[in-house]
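The lines below spell out each chain.
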Amino acid sequence: MNTLKKMNEQINHELGSSYIYLSMAAYLTSKNLKGMAAWMHKQANEEREHAMKFFEYLNERGQAVELLAIEKPKNEWKTPLELFEDALKHEKKISALISAIMETAIIEKDYPSIAILQWFVTEQVEEEANASEIVEKLKMIGEHKGALLMIDKELGARQ
Ligand SMILES: [Fe+2]
Ligand SMILES: [Fe+2]
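Residues numbered from 1 in each chain as written. Chains lettered and ligands numbered in written order. Predicted model: local features only at pLDDT ≥ 70, side-chain atom pairs only at ≥ 80, totals over all residues.

**Q** Just checking my understanding: could you explain the overall build of the chain for this structure?
**A** For the chain, the count of helices and strands is 5 helices and 0 strands. C-alpha extents for the chain along the principal axes are approximately 55 × 25 × 25 Å. The buried share among the 159 residues of the chain stands at 33%. Long-range pairs, those at least 24 residues apart, make up 76% of the contacts in the chain between residues at least 6 apart in sequence. (Helix = DSSP H or I, 4+ residues; strand = E, 2+ residues; numbered from the N terminus. Buried ≥ 20, exposed ≤ 12 C-beta atoms within 10 Å, placed from the backbone. Contact = placed C-beta atoms within 7 Å.)

Quick look at the structure:
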C-alpha cells in the first residue's frame, strides 16, 4: 500500500530532521549558545522518536522497513535567527509531507494509519508553533546581545 510506502520514506525524513537539528546544535555550541544548543539536542531526540513511531508501526503492520540515505545537513548560519528560520521552514515542509501521507491514507481507507497520522498532524501544529515563537522573539530583540543571552537561558530550560 502507498500509505505504508510513504511512511517508510517518512522514517527517512524524521531521521533527516534529527540530523539537521543535531547540526544546528553543533553550530550553536560553537557560538557558545549552550541553552539553544540544549534545546536543539532535545529536538533532535524527539525527531528520532518520531522516526521510531513509524518504524514500530510498520513492523506491527508486517511491512519491512527499508532505511534510506540521509543527506549531509547545512552546518553554517549567519545568525541564530537565520538558523531558527530554517528550522521553521523545515517543520513546514514536514507538515506538508505528513498531510500528503494522510491524504493517501484517506484515499486508501487505511483507518489504522489515519489514527497514527492524526497524532503527527497535531504534533506538527506544536512543532511549527514552537519554532515560530522563537523566530518572533529573535526578530524582536534584533542586535541586543543581552536579550539574546536571556533567550538562550530560557531555551536551555526546555524539559
Ligand atoms: Fe518530526
Ligand atoms: Fe519536527
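There's plenty left to go through after this.
**Q** Can you help me understand the environment of Asp86 in this one?
**A** Relative to the helices and strands, Asp86 resides in helix H3 (residues 80-107). Along the sequence, Asp86 and Ile20 sit 66 residues apart, while their C-alpha atoms lie 9.8 Å from each other.

**Q** Just to check I follow, could you spell out H3 for this structure?
**A** Two residues of an α-helix separated by three or four positions point the same way, owing to the 3.6 residues in each turn. With 28 residues, H3 should reach 40 Å at 1.5 Å per residue; the first-to-last C-alpha distance of 41 Å fits that figure. Among the residues of H3, those classed as buried are Pro80, Leu83, Phe84, Ala87, Glu91, Ile94, Ile98, Ile101, Met102 and Ala105. Next to the buried residues of H3 lie helix H1 (2-30), helix H2 (34-60) and helix H4 (111-141). (Expected span 1.5 Å × (residues − 1).)

**Q** Just checking my understanding: could you explain the nonpolar core for this structure?
**A** If you look at soluble globular proteins, the nonpolar side chains tend to sit buried side by side. With 20 residues, the main nonpolar core has Met24, Ala25, Leu28, Met36, Ala37, Met40 and Phe84 as its most contacted residues. Those elements that place two or more of their residues in this core are H1, H2, H3, H4 and helix H5 (145-156). Take this core: its biggest share by element is 6 residues, from H1. In this structure Leu28 touches Leu33, Met36, Ala37 and Met40, once residues within four positions along its chain are discounted. Leu4, Ile101, Met102 and Phe120 belong to the second largest nonpolar core, which has 15 residues in total. (Core = buried A, V, L, I, M, F, W, Y, C linked by C-beta atoms within 7 Å.)

**Q** I tried to follow H5 on my own but got confused; where do I start?
**A** Between its first and last C-alpha atoms H5 spans 17 Å; for 12 residues at 1.5 Å apiece the expected length is 16 Å, and the two agree. Taken residue by residue, H5 has Ile151, Asp152 and Leu155 as its buried positions. Along the axis of H5, the buried positions cluster into a sector of 105 degrees, meaning they face one direction only. The exposed set on the far side of H5, more than 90 degrees from its buried face, consists of Gly146 and Lys153. (Arc of directions from axis to C-beta.)

**Q** Whenever I open this one, unusual backbone geometry confuses me. Can you help?
**A** Apart from glycine, the bulk of residues carry a negative phi angle, and the bulk of peptide bonds sit in the trans form. Not every positive phi belongs to a glycine, and Asn32 is a case in point at roughly 60 degrees. Topologically, Asn32 is positioned in the loop between H1 and H2. Asn32 gets classed as exposed once you count the C-beta atoms within 10 Å, which come to 10. Despite not being glycine, Lys109 shows a phi value in the positive range, around 50 degrees.

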